[in-house]
Amino acid sequence: EELTIIRKFEHIEHCLRRNVQAHVSNGFEDVHFVHMSLPEIDKDEVDLSVEFLGRKFDYPIFIAGMTGGTRGSQLAGKINKTLAQAAQELNIPMGVGSQRAMIRKPETWESYYVRDVAPDVFLVGNLGAPQFAETMPGRYGVEEALKAVETIQADALAIHLNPLQESVQPEGDTQYRGVLKALAELKAEFPYPIIAKETGAGVSMEVAIRLESIGIDAIDVGGLGGTSWSAVEYYRAKDEMGRNLALRFWDWGIKTAISVAEVRYSTDLPIIATGGMRDGIMMAKALAMGATFAGVALPLLRPAVKGDVEGVIKVLQRYIEEIRNAMFLVGAKNVEELRKVPLVVTGFTREWLEQRIELASYLRGR
Ligand code: FNR
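J.: How should I be thinking about unusual backbone geometry in this particular structure?
T.: Outside of glycine, negative phi angles account for most residues, and trans bonds account for most peptide bonds. Residue leucine 53 is not a glycine yet carries a positive backbone phi of 50 degrees. The residue leucine 53 is located in the loop between β2 (50-52) and β3 (55-57) in this model. Overall, leucine 53 belongs to the partly exposed group, its relative accessible area being 27%. Positioned with a positive phi, asparagine 91 is a non-glycine residue whose angle comes to about 55 degrees. Structurally, asparagine 91 can be placed in the loop between α2 (74-90) and β5 (94-95).

As C-alpha coordinates, this is what we get:
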(Lines give C-alpha, C1' and ligand atoms only; values in the text may rest on other atoms or scores of the structure.)
Protein backbone atom coordinates (compact mmCIF):
# COMPACT_ATOMS: atom_id res chain seq x y z
CA GLU A 1 0.00 0.00 0.00
CA GLU A 2 2.98 2.29 0.42
CA LEU A 3 3.06 1.94 -3.38
CA THR A 4 -0.50 3.25 -3.78
CA ILE A 5 0.44 6.28 -1.73
CA ILE A 6 3.58 7.03 -3.72
CA ARG A 7 1.68 6.52 -6.96
CA LYS A 8 -0.92 9.13 -6.00
CA PHE A 9 1.86 11.59 -5.24
CA GLU A 10 3.47 10.97 -8.64
CA HIS A 11 0.12 11.60 -10.32
CA ILE A 12 -0.11 15.06 -8.77
CA GLU A 13 3.48 15.85 -9.72
CA HIS A 14 2.92 14.90 -13.35
CA CYS A 15 -0.38 16.77 -13.47
CA LEU A 16 1.39 19.93 -12.29
CA ARG A 17 4.56 19.68 -14.37
CA ARG A 18 3.56 18.12 -17.69
CA ASN A 19 0.92 18.31 -20.34
CA VAL A 20 -1.45 15.59 -19.23
CA GLN A 21 -4.41 16.67 -21.30
CA ALA A 22 -5.92 14.85 -24.26
CA HIS A 23 -4.73 15.97 -27.69
CA VAL A 24 -8.34 16.08 -28.83
CA SER A 25 -11.17 18.34 -27.68
CA ASN A 26 -14.08 17.33 -25.47
CA GLY A 27 -16.52 18.01 -28.31
CA PHE A 28 -18.27 21.16 -27.12
CA GLU A 29 -16.91 23.16 -30.06
CA ASP A 30 -19.45 21.19 -32.12
CA VAL A 31 -22.35 22.33 -29.94
CA HIS A 32 -23.65 25.82 -30.62
CA PHE A 33 -26.08 28.14 -28.91
CA VAL A 34 -28.25 30.35 -31.08
CA HIS A 35 -27.67 33.94 -30.03
CA MET A 36 -30.82 35.69 -28.82
CA SER A 37 -31.01 39.41 -29.61
CA LEU A 38 -34.15 39.80 -27.51
CA PRO A 39 -33.36 37.86 -24.34
CA GLU A 40 -36.34 39.47 -22.52
CA ILE A 41 -34.63 39.00 -19.17
CA ASP A 42 -32.26 41.14 -17.10
CA LYS A 43 -28.80 39.69 -16.79
CA ASP A 44 -28.84 40.10 -13.03
CA GLU A 45 -31.97 37.98 -12.63
CA VAL A 46 -30.20 34.91 -14.05
CA ASP A 47 -30.38 32.18 -11.40
CA LEU A 48 -27.62 29.55 -11.58
CA SER A 49 -28.84 27.32 -8.75
CA VAL A 50 -29.44 23.61 -9.28
CA GLU A 51 -30.86 20.72 -7.30
CA PHE A 52 -29.08 17.41 -6.99
CA LEU A 53 -29.77 14.38 -4.78
CA GLY A 54 -32.14 16.36 -2.62
CA ARG A 55 -29.87 19.34 -2.04
CA LYS A 56 -29.83 22.83 -3.50
CA PHE A 57 -26.60 24.37 -4.76
CA ASP A 58 -25.88 28.00 -5.69
CA TYR A 59 -23.92 27.20 -8.85
CA PRO A 60 -23.84 24.33 -11.36
CA ILE A 61 -20.17 23.47 -10.86
CA PHE A 62 -18.81 20.34 -9.16
CA ILE A 63 -15.24 20.12 -7.85
CA ALA A 64 -14.19 16.67 -9.06
CA GLY A 65 -12.30 14.39 -6.69
CA MET A 66 -8.52 14.37 -6.98
CA THR A 67 -6.63 13.30 -3.94
CA GLY A 68 -6.10 11.98 -0.45
CA GLY A 69 -3.61 9.69 1.24
CA THR A 70 -0.54 10.82 -0.71
CA ARG A 71 2.92 10.51 0.75
CA GLY A 72 3.42 12.83 3.67
CA SER A 73 -0.35 13.23 3.46
CA GLN A 74 -0.04 16.93 4.36
CA LEU A 75 -0.09 17.72 0.63
CA ALA A 76 -3.31 15.82 -0.01
CA GLY A 77 -4.84 17.25 3.13
CA LYS A 78 -3.95 20.76 2.06
CA ILE A 79 -5.41 20.24 -1.42
CA ASN A 80 -8.69 18.82 -0.09
CA LYS A 81 -9.09 21.46 2.63
CA THR A 82 -8.38 24.27 0.17
CA LEU A 83 -10.93 22.94 -2.33
CA ALA A 84 -13.41 22.38 0.48
CA GLN A 85 -13.19 25.97 1.72
CA ALA A 86 -13.89 27.22 -1.79
CA ALA A 87 -16.80 24.77 -2.13
CA GLN A 88 -18.18 25.82 1.26
CA GLU A 89 -17.99 29.50 0.35
CA LEU A 90 -19.74 29.04 -3.02
CA ASN A 91 -22.16 26.31 -1.87
CA ILE A 92 -21.09 23.83 -4.53
CA PRO A 93 -20.36 20.10 -4.11
CA MET A 94 -16.95 18.46 -4.10
CA GLY A 95 -15.40 15.02 -4.18
CA VAL A 96 -12.24 13.65 -2.62
CA GLY A 97 -9.83 11.33 -4.44
CA SER A 98 -9.70 7.57 -4.13
CA GLN A 99 -9.96 6.41 -0.51
CA ARG A 100 -8.26 3.12 -1.20
CA ALA A 101 -5.20 4.30 0.70
CA MET A 102 -7.42 5.13 3.67
CA ILE A 103 -9.08 1.71 3.68
CA ARG A 104 -5.65 0.07 4.00
CA LYS A 105 -3.99 2.76 6.08
CA PRO A 106 -6.69 4.25 8.29
CA GLU A 107 -4.18 6.75 9.71
CA THR A 108 -4.33 8.69 6.40
CA TRP A 109 -8.00 9.59 7.07
CA GLU A 110 -7.20 13.18 7.94
CA SER A 111 -5.99 13.90 4.41
CA TYR A 112 -9.58 13.34 3.22
CA TYR A 113 -11.29 15.04 6.13
CA VAL A 114 -12.62 18.54 5.46
CA ARG A 115 -15.56 18.90 7.86
CA ASP A 116 -13.52 21.15 10.18
CA VAL A 117 -13.27 23.79 7.42
CA ALA A 118 -16.36 22.92 5.40
CA PRO A 119 -19.16 21.86 7.75
CA ASP A 120 -21.95 22.19 5.17
CA VAL A 121 -20.33 21.17 1.91
CA PHE A 122 -21.93 18.31 -0.03
CA LEU A 123 -19.00 15.92 0.10
CA VAL A 124 -18.53 12.82 -2.02
CA GLY A 125 -16.26 9.93 -1.02
CA ASN A 126 -14.46 7.84 -3.64
CA LEU A 127 -13.60 4.17 -4.21
CA GLY A 128 -12.55 2.33 -7.35
CA ALA A 129 -14.72 -0.18 -9.19
CA PRO A 130 -11.92 -2.80 -9.58
CA GLN A 131 -11.81 -3.15 -5.79
CA PHE A 132 -15.33 -4.61 -6.01
CA ALA A 133 -14.51 -7.13 -8.76
CA GLU A 134 -15.16 -10.80 -7.99
CA THR A 135 -11.57 -11.69 -8.88
CA MET A 136 -10.05 -9.03 -6.61
CA PRO A 137 -8.39 -10.57 -3.56
CA GLY A 138 -9.94 -9.00 -0.45
CA ARG A 139 -12.62 -7.38 -2.57
CA TYR A 140 -14.56 -4.48 -1.11
CA GLY A 141 -18.17 -4.64 -0.05
CA VAL A 142 -20.59 -2.59 1.96
CA GLU A 143 -18.23 -2.45 4.96
CA GLU A 144 -15.50 -0.59 3.06
CA ALA A 145 -18.03 1.64 1.33
CA LEU A 146 -19.49 2.65 4.71
CA LYS A 147 -16.04 3.27 6.09
CA ALA A 148 -15.19 5.53 3.13
CA VAL A 149 -18.29 7.67 3.60
CA GLU A 150 -18.61 7.72 7.38
CA THR A 151 -14.97 8.32 8.33
CA ILE A 152 -15.05 11.64 6.50
CA GLN A 153 -18.77 12.36 7.09
CA ALA A 154 -19.47 12.41 3.37
CA ASP A 155 -22.95 12.71 1.84
CA ALA A 156 -22.50 10.28 -1.04
CA LEU A 157 -20.01 7.85 -2.54
CA ALA A 158 -18.47 7.98 -5.99
CA ILE A 159 -17.34 4.71 -7.52
CA HIS A 160 -14.76 5.45 -10.18
CA LEU A 161 -14.77 3.38 -13.35
CA ASN A 162 -11.24 3.61 -14.77
CA PRO A 163 -10.44 0.58 -16.92
CA LEU A 164 -8.40 2.74 -19.30
CA GLN A 165 -6.02 3.99 -16.65
CA GLU A 166 -5.68 0.60 -15.01
CA SER A 167 -5.00 -1.06 -18.38
CA VAL A 168 -2.06 1.16 -19.34
CA GLN A 169 -0.18 1.06 -16.05
CA PRO A 170 2.13 -1.81 -15.16
CA GLU A 171 0.68 -2.25 -11.65
CA GLY A 172 -2.91 -1.63 -12.80
CA ASP A 173 -5.95 -3.38 -11.34
CA THR A 174 -7.45 -4.81 -14.50
CA GLN A 175 -10.02 -6.95 -12.71
CA TYR A 176 -13.49 -5.85 -13.74
CA ARG A 177 -15.41 -9.13 -13.71
CA GLY A 178 -18.54 -8.98 -11.59
CA VAL A 179 -18.33 -5.25 -10.89
CA LEU A 180 -21.89 -4.48 -12.01
CA LYS A 181 -23.33 -7.25 -9.81
CA ALA A 182 -21.23 -6.11 -6.87
CA LEU A 183 -22.44 -2.54 -7.31
CA ALA A 184 -26.04 -3.77 -7.51
CA GLU A 185 -25.56 -5.63 -4.20
CA LEU A 186 -23.88 -2.63 -2.65
CA LYS A 187 -26.64 -0.30 -3.82
CA ALA A 188 -29.31 -2.58 -2.32
CA GLU A 189 -27.81 -2.27 1.17
CA PHE A 190 -26.08 1.08 1.17
CA PRO A 191 -27.85 4.03 2.78
CA TYR A 192 -26.04 6.77 0.81
CA PRO A 193 -26.39 7.86 -2.83
CA ILE A 194 -23.87 6.34 -5.23
CA ILE A 195 -22.43 8.27 -8.17
CA ALA A 196 -20.72 6.24 -10.89
CA LYS A 197 -17.88 8.28 -12.34
CA GLU A 198 -15.54 7.78 -15.24
CA THR A 199 -12.14 9.41 -15.11
CA GLY A 200 -11.55 10.68 -18.64
CA ALA A 201 -12.82 8.08 -21.13
CA GLY A 202 -16.56 8.80 -20.93
CA VAL A 203 -19.70 6.76 -20.23
CA SER A 204 -21.63 5.24 -23.15
CA MET A 205 -25.40 4.86 -23.25
CA GLU A 206 -25.08 1.08 -22.88
CA VAL A 207 -23.17 1.51 -19.62
CA ALA A 208 -25.49 4.29 -18.43
CA ILE A 209 -28.55 2.06 -18.93
CA ARG A 210 -26.94 -0.71 -16.86
CA LEU A 211 -25.98 1.69 -14.10
CA GLU A 212 -29.50 3.10 -13.98
CA SER A 213 -30.96 -0.42 -13.90
CA ILE A 214 -29.11 -1.28 -10.67
CA GLY A 215 -30.22 1.93 -8.98
CA ILE A 216 -27.10 4.09 -9.26
CA ASP A 217 -28.14 7.63 -8.36
CA ALA A 218 -26.10 9.77 -10.77
CA ILE A 219 -23.40 9.59 -13.43
CA ASP A 220 -20.29 11.71 -13.77
CA VAL A 221 -19.46 11.10 -17.42
CA GLY A 222 -15.74 11.91 -16.95
CA GLY A 223 -15.31 12.20 -20.70
CA LEU A 224 -12.41 12.47 -23.14
CA GLY A 225 -10.94 15.90 -23.81
CA GLY A 226 -9.44 16.95 -20.46
CA THR A 227 -7.01 15.18 -18.16
CA SER A 228 -5.86 11.96 -19.82
CA TRP A 229 -4.86 9.19 -17.45
CA SER A 230 -3.00 7.49 -20.26
CA ALA A 231 -0.93 10.66 -20.50
CA VAL A 232 -0.16 10.52 -16.79
CA GLU A 233 0.79 6.86 -17.12
CA TYR A 234 2.92 7.67 -20.17
CA TYR A 235 5.13 9.86 -17.99
CA ARG A 236 5.23 7.24 -15.27
CA ALA A 237 6.05 4.34 -17.60
CA LYS A 238 9.32 2.60 -16.80
CA ASP A 239 10.04 1.03 -20.19
CA GLU A 240 9.51 1.36 -23.93
CA MET A 241 6.60 -1.07 -24.03
CA GLY A 242 4.75 0.76 -21.27
CA ARG A 243 5.37 4.16 -22.88
CA ASN A 244 4.12 2.87 -26.22
CA LEU A 245 0.91 1.46 -24.78
CA ALA A 246 0.09 4.63 -22.83
CA LEU A 247 0.88 6.85 -25.83
CA ARG A 248 -1.32 4.75 -28.10
CA PHE A 249 -4.28 5.17 -25.74
CA TRP A 250 -3.62 8.83 -24.86
CA ASP A 251 -6.80 9.96 -26.65
CA TRP A 252 -8.97 6.88 -26.12
CA GLY A 253 -12.55 7.35 -25.10
CA ILE A 254 -15.88 9.07 -25.57
CA LYS A 255 -15.77 12.85 -25.69
CA THR A 256 -17.49 14.64 -22.81
CA ALA A 257 -20.12 16.38 -24.98
CA ILE A 258 -21.00 13.10 -26.69
CA SER A 259 -21.18 11.21 -23.42
CA VAL A 260 -23.55 13.80 -21.93
CA ALA A 261 -25.86 13.38 -24.94
CA GLU A 262 -25.76 9.57 -24.79
CA VAL A 263 -26.47 9.43 -21.06
CA ARG A 264 -29.21 12.08 -21.17
CA TYR A 265 -30.85 10.38 -24.16
CA SER A 266 -30.83 6.90 -22.61
CA THR A 267 -31.49 7.50 -18.89
CA ASP A 268 -33.17 9.86 -16.43
CA LEU A 269 -30.12 10.04 -14.17
CA PRO A 270 -28.64 13.35 -13.06
CA ILE A 271 -25.42 14.02 -14.96
CA ILE A 272 -22.15 15.65 -14.00
CA ALA A 273 -20.27 16.74 -17.13
CA THR A 274 -16.56 16.42 -16.31
CA GLY A 275 -13.60 16.19 -18.68
CA GLY A 276 -11.86 19.22 -20.16
CA MET A 277 -14.41 21.76 -18.91
CA ARG A 278 -12.31 24.90 -19.15
CA ASP A 279 -14.68 27.83 -19.63
CA GLY A 280 -18.20 28.87 -18.75
CA ILE A 281 -19.52 28.80 -22.31
CA MET A 282 -18.82 25.08 -22.66
CA MET A 283 -20.21 24.58 -19.17
CA ALA A 284 -23.44 26.33 -20.18
CA LYS A 285 -23.59 24.06 -23.24
CA ALA A 286 -23.23 20.99 -21.02
CA LEU A 287 -26.10 22.22 -18.84
CA ALA A 288 -28.20 22.92 -21.92
CA MET A 289 -27.49 19.37 -23.09
CA GLY A 290 -28.94 18.00 -19.87
CA ALA A 291 -26.17 17.97 -17.27
CA THR A 292 -26.85 19.25 -13.75
CA PHE A 293 -23.23 20.23 -13.14
CA ALA A 294 -20.03 20.85 -15.02
CA GLY A 295 -17.21 19.13 -13.14
CA VAL A 296 -13.68 20.50 -12.91
CA ALA A 297 -10.46 18.93 -11.64
CA LEU A 298 -7.13 19.90 -13.22
CA PRO A 299 -7.54 23.72 -13.38
CA LEU A 300 -8.11 23.79 -9.61
CA LEU A 301 -5.08 21.68 -8.72
CA ARG A 302 -2.48 24.44 -9.05
CA PRO A 303 -4.10 26.96 -6.66
CA ALA A 304 -5.10 24.08 -4.37
CA VAL A 305 -1.54 22.74 -3.86
CA LYS A 306 -0.56 26.25 -2.74
CA GLY A 307 -3.39 26.35 -0.24
CA ASP A 308 -4.74 29.34 -2.16
CA VAL A 309 -8.47 29.35 -1.38
CA GLU A 310 -8.97 32.73 -3.05
CA GLY A 311 -7.18 31.42 -6.15
CA VAL A 312 -9.57 28.46 -6.39
CA ILE A 313 -12.57 30.75 -5.89
CA LYS A 314 -11.27 33.13 -8.58
CA VAL A 315 -11.09 30.38 -11.19
CA LEU A 316 -14.62 29.24 -10.27
CA GLN A 317 -15.99 32.81 -10.25
CA ARG A 318 -14.68 33.27 -13.77
CA TYR A 319 -16.59 30.18 -14.91
CA ILE A 320 -19.71 31.35 -13.05
CA GLU A 321 -19.67 34.78 -14.72
CA GLU A 322 -19.20 33.17 -18.13
CA ILE A 323 -22.09 30.75 -17.56
CA ARG A 324 -24.28 33.65 -16.42
CA ASN A 325 -23.38 35.69 -19.50
CA ALA A 326 -24.09 32.80 -21.86
CA MET A 327 -27.45 32.23 -20.16
CA PHE A 328 -28.34 35.91 -20.58
CA LEU A 329 -27.42 35.79 -24.28
CA VAL A 330 -29.77 32.87 -24.92
CA GLY A 331 -32.52 34.33 -22.73
CA ALA A 332 -32.44 31.60 -20.07
CA LYS A 333 -33.39 32.83 -16.56
CA ASN A 334 -32.44 29.53 -14.94
CA VAL A 335 -30.92 26.15 -15.75
CA GLU A 336 -34.31 24.60 -16.45
CA GLU A 337 -34.94 27.19 -19.16
CA LEU A 338 -31.42 26.69 -20.47
CA ARG A 339 -32.33 23.08 -21.26
CA LYS A 340 -35.04 24.33 -23.62
CA VAL A 341 -33.04 26.76 -25.74
CA PRO A 342 -32.20 25.68 -29.28
CA LEU A 343 -28.86 23.94 -29.83
CA VAL A 344 -27.15 23.26 -33.12
CA VAL A 345 -24.82 20.24 -33.30
CA THR A 346 -22.24 20.05 -36.09
CA GLY A 347 -19.17 18.14 -37.21
CA PHE A 348 -17.74 15.04 -35.57
CA THR A 349 -20.15 15.21 -32.65
CA ARG A 350 -23.14 15.30 -34.99
CA GLU A 351 -21.81 12.40 -37.09
CA TRP A 352 -21.25 10.32 -33.97
CA LEU A 353 -24.61 11.10 -32.40
CA GLU A 354 -26.54 10.46 -35.61
CA GLN A 355 -25.24 6.89 -35.57
CA ARG A 356 -25.94 6.38 -31.89
CA ILE A 357 -29.12 8.19 -30.89
CA GLU A 358 -32.16 9.90 -32.38
CA LEU A 359 -30.47 13.26 -32.39
CA ALA A 360 -33.53 15.35 -33.22
CA SER A 361 -35.64 13.69 -30.53
CA TYR A 362 -32.85 14.08 -27.96
CA LEU A 363 -32.50 17.77 -28.80
CA ARG A 364 -36.25 18.26 -28.34
CA GLY A 365 -36.44 16.46 -24.99
CA ARG A 366 -33.37 17.36 -22.98
C1 FNR B 1 -8.10 12.91 -10.73
N2 FNR B 1 -9.27 12.19 -10.96
C3 FNR B 1 -9.66 11.22 -10.05
N4 FNR B 1 -10.89 10.63 -10.14
C5 FNR B 1 -11.28 9.70 -9.23
O6 FNR B 1 -12.41 9.22 -9.31
N7 FNR B 1 -10.45 9.30 -8.22
C8 FNR B 1 -9.21 9.85 -8.05
O9 FNR B 1 -8.48 9.48 -7.14
C10 FNR B 1 -8.79 10.84 -8.99
N11 FNR B 1 -7.55 11.43 -8.88
C12 FNR B 1 -7.23 12.50 -9.68
C13 FNR B 1 -6.04 13.21 -9.45
C14 FNR B 1 -5.71 14.31 -10.22
C15 FNR B 1 -4.45 15.06 -9.93
C16 FNR B 1 -6.58 14.73 -11.27
C17 FNR B 1 -6.26 15.93 -12.14
C18 FNR B 1 -7.74 14.03 -11.51
C19 FNR B 1 -10.12 12.45 -12.15
C20 FNR B 1 -10.97 13.69 -12.02
O21 FNR B 1 -11.95 13.54 -11.02
C22 FNR B 1 -11.68 14.05 -13.36
O23 FNR B 1 -12.62 13.06 -13.70
C24 FNR B 1 -10.72 14.17 -14.53
O25 FNR B 1 -9.51 14.76 -14.12
C26 FNR B 1 -11.30 15.00 -15.68
O27 FNR B 1 -11.50 16.35 -15.32
P28 FNR B 1 -10.49 17.53 -15.78
O29 FNR B 1 -9.19 17.30 -15.04
O30 FNR B 1 -10.31 17.41 -17.26
O31 FNR B 1 -11.15 18.80 -15.36
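There's more to say after this.
J.: How should I be thinking about the environment of glutamate 144 in this particular structure?
T.: Locating glutamate 144 in the fold gives a position in helix α4 (residues 142-151). The exposure class of glutamate 144 is buried, given its relative accessible area of 18%. Through-space distance from the C-alpha of glutamate 144 to that of glutamine 131 is 9.9 Å; in sequence the pair is 13 residues apart. Other than its neighbours up to four places away in sequence, glutamate 144 contacts Ile103 and Leu127. Among the polar contacts listed, one links the side chain of glutamate 144 to the backbone nitrogen of glycine 141, at a separation of 2.8 Å.

J.: I tried to follow helix α12 (residues 298-305) on my own but got confused; where do I start?
T.: A turn of α-helix holds 3.6 residues, and therefore any two residues three or four places apart point the same way. Of all 8 residues that make up α12, 7 are buried, and the element is covered over most of its length. When α12 is considered as a whole, its buried residues turn out to be Leu298, Pro299, Leu300, Leu301, Pro303, Ala304 and Val305. One or two residues past the end of α12 sits glycine 307, with phi positive at roughly 75 degrees.

J.: Is there a simple way to explain the pattern of salt bridges in this structure?
T.: For side chains of opposite charge, pairing can occur when their charged atoms come near one another. In total, this model carries 18 salt bridges according to the counting rule given. Between glutamate 206 and arginine 356 there is a salt bridge; the shortest N-O distance is 2.7 Å. With glutamate 206 in helix α7 (residues 205-213) and arginine 356 in helix α15 (residues 347-356), the pair connects residues that are 150 residues apart, well separated along the chain. Judged by relative accessible area, arginine 356 falls into the partly exposed class, the value being 27%. Here arginine 324 ties to glutamate 321 by a salt bridge, and the two come within 3.3 Å at their closest N and O atoms. Of this pair, arginine 324 and glutamate 321 both sit in helix α13 (residues 309-329), 3 residues apart, roughly one helical turn. According to the relative accessible area criterion, arginine 324 is buried, its value standing at 16%.

J.: Can you help me understand the packing of aromatic side chains in this one?
T.: Describing an aromatic ring pair means giving the distance of the ring centres and the angle of the ring planes. In the structure shown here, the tally under the stated rule is 13 aromatic pairs. Look at tyrosine 235 and tryptophan 250: their rings are 6.0 Å apart centre to centre, the planes differ by 75 degrees, and that puts the pair in the edge-to-face class. Of the two residues, tyrosine 235 sits in helix α8 (residues 229-236) while tryptophan 250 sits in the loop between α9 (240-248) and α10 (256-266), which places them 15 residues apart along the sequence. You can call tryptophan 250 buried: its relative accessible area is 5%. With a centroid separation of 5.2 Å and an interplanar angle of 50 degrees, the aromatic rings of phenylalanine 249 and tryptophan 252 are classed as tilted. Pairwise contacts between aromatic rings join Phe52, Phe57, Phe62, Phe122 and Phe293 into one cluster.

The rules behind each value
Residues numbered from 1 in each chain as written. Predicted model: local features only at pLDDT ≥ 70, side-chain atom pairs only at ≥ 80, totals over all residues. Heavy atoms only, no water. Helix = DSSP H or I, 4+ residues; strand = E, 2+ residues; numbered from the N terminus. Buried < 20%, exposed > 50% of the residue type's maximum accessible area, 1.4 Å probe, protein only. Contact = heavy atoms within 4.5 Å. Polar contact = N/O pair within 3.5 Å; in protein donor to acceptor, adjacent residues only side chain to side chain. Salt bridge = Lys/Arg side-chain N within 4 Å of Asp/Glu carboxyl O. Phe/Tyr/Trp six-rings, centres within 6.5 Å; stacked < 30°, edge-to-face > 60°.

That's the geometry; what it means functionally is another story.
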